[in-house]
Amino acid sequence: MAVDWDQLREAAGDAMERAYAPYSGYRVGAAALAEDGRLVAGCNVENAGYGVTLCAECGLVSQLHLTGGGHLTHFVCVNGEREVIMPCGRCRQLLSENGTRDLQLLTPEGLRSIDEVLPQAFGPADLQH
Ligand code: THU
């Protein structure tokens, strides 16, 4: 089934409107589809203890588990202007563990797989050694 990236991007934009980013002023929204077609989303939530800040992807992954688990198949995140941005390094790691092997991301340079944006990822299998 073809994925409606415009709709997913719009959902990320709507999530961005709920961001709490009084310190950086940089609002982020993220949206993704799970294997069963479920749409999950998140916004960044900053904190006076700057390092405690939650990226938009944190809320998104929490919603994935809260609403039944599974893995992400398609992902996009946007800034306050609703422009597509790249997830930060830490969140690529989050997406890697919570995505399918062929998770697709809409990036400023087009569609990319999780392997392309996080090559040689450290993951659960590494803990078996
Ligand atoms: N941010 C995200 O929410 N996700 C990312 O992938 C990149 C960065 C947020 C964290 C912080 O609230 C703000 O953007 C500036 O770094």
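Structure's up top.
Here goes a summary of the coordinates provided. These numbers come from a predicted model, not from an experiment. (Residues numbered from 1 in each chain as written. Predicted model: local features only at pLDDT ≥ 70, side-chain atom pairs only at ≥ 80, totals over all residues. Heavy atoms only, no water.)

Some remarks on the site of the ligand
For step 1, the next point in the chain: In the vicinity of the ligand, the contacting residues are Ser24, Tyr26, Val28, Asn44, Glu46, Thr53, Cys55, Ala56, Glu57, Pro87 and Cys88.
For step 2, the next point in the chain: In this structure, alanine 56 approaches the ligand through a main-chain N or O atom, which is 2.8 Å from an oxygen atom.
For step 3, the next point in the chain: Contacts to the ligand include cysteine 88, whose backbone N or O atom sits 2.8 Å from an oxygen atom.
For step 4, the next point in the chain: Starting from 380 Å² of accessible surface for the ligand in isolation, the protein chains cover 78%.
For step 5, the next point in the chain: When its residues are assigned to classes, the shell around the ligand shows 6 nonpolar, 3 polar and 2 charged. (Near = heavy atom within 4 Å. Polar contact = N/O pair within 3.5 Å; in protein donor to acceptor, adjacent residues only side chain to side chain. Areas by Shrake-Rupley, 256 points an atom, 1.4 Å probe, with all protein chains shown as cover. Nonpolar A, V, L, I, M, F, W, Y, C, P; charged D, E, K, R; others polar.)

Thoughts on the nonpolar core
For step 1, the next point in the chain: Leu60, Leu72, Phe75, Leu95, Leu103 and Leu105 are the most contacted members of the largest nonpolar core, which has 18 residues in total.
For step 2, the next point in the chain: Ranked by residue count, the leading element in this core is helix α2 (residues 56–66), at 4 residues.
For step 3, the next point in the chain: Once residues lying within four places of it in the same chain are set aside, the contact partners of leucine 60 are Ala30, Ala31, Ala32, Val40, Ala41, Gly42, Leu72 and Phe75.
For step 4, the next point in the chain: Core analysis: the next-biggest nonpolar cluster, separate from the first, contains 11 residues, Ala11, Ala12, Val78 and Val84 among them. (Core = buried A, V, L, I, M, F, W, Y, C linked by side-chain atoms within 4.5 Å. Buried < 20%, exposed > 50% of the residue type's maximum accessible area, 1.4 Å probe, protein only. Helix = DSSP H or I, 4+ residues; strand = E, 2+ residues; numbered from the N terminus. Contact = heavy atoms within 4.5 Å.)

Considerations on the pairing of strand β6 (residues 110–113)
For step 1, the next point in the chain: In terms of strand pairing, strand β5 (residues 99–107) meets β6 through 4 bridges, oriented antiparallel. Following the sheet pairing, threonine 107 is matched in β6 by glycine 110.
For step 2, the next point in the chain: From the end of β5 to the start of β6, which pair antiparallel, there are 2 residues. (Pairing = 2+ DSSP bridges.)

As for the packing of α2 against helix α3 (residues 89–98)
Describing two packed helices takes the angle between their axes plus the distance from one axis to the other.
For step 1, the next point in the chain: Between α2 and α3, the least distance of the axes is 10 Å, while the angle of their chain directions is 15°. Relative to α3, the element α2 is oriented roughly parallel. Handedness of the crossing formed by α2 with α3: left-handed. In contact with Glu57, Cys58, Val61, Leu64 and His65 of α2, α3 contributes Arg90, Cys91, Leu94 and Asn98.
For step 2, the next point in the chain: The residue makeup of the contact of α2 with α3, split by class, is 5 nonpolar, 2 polar and 2 charged. (Axes fitted to C-alpha atoms, helices over the stretch in contact; angles between N-to-C directions. Parallel < 35°, antiparallel > 145°, perpendicular 65-115°, else oblique. Left-handed = near helix turned anticlockwise from the far one by under 90°.)

Points about unusual backbone geometry
For step 1, the next point in the chain: Its identity is not glycine, yet arginine 82 carries a phi of approximately 65°, on the positive side.
For step 2, the next point in the chain: Given a relative accessible area of 30%, arginine 82 falls into the partly exposed group.
For step 3, the next point in the chain: Look at glutamine 120: it is not a glycine, yet its phi comes out positive at around 50°.
For step 4, the next point in the chain: Residue placement: glutamine 120 occurs in the segment after α4 (114–117).
For step 5, the next point in the chain: In this structure glutamine 120 comes out as exposed when scored by relative accessible area, which is 82%.

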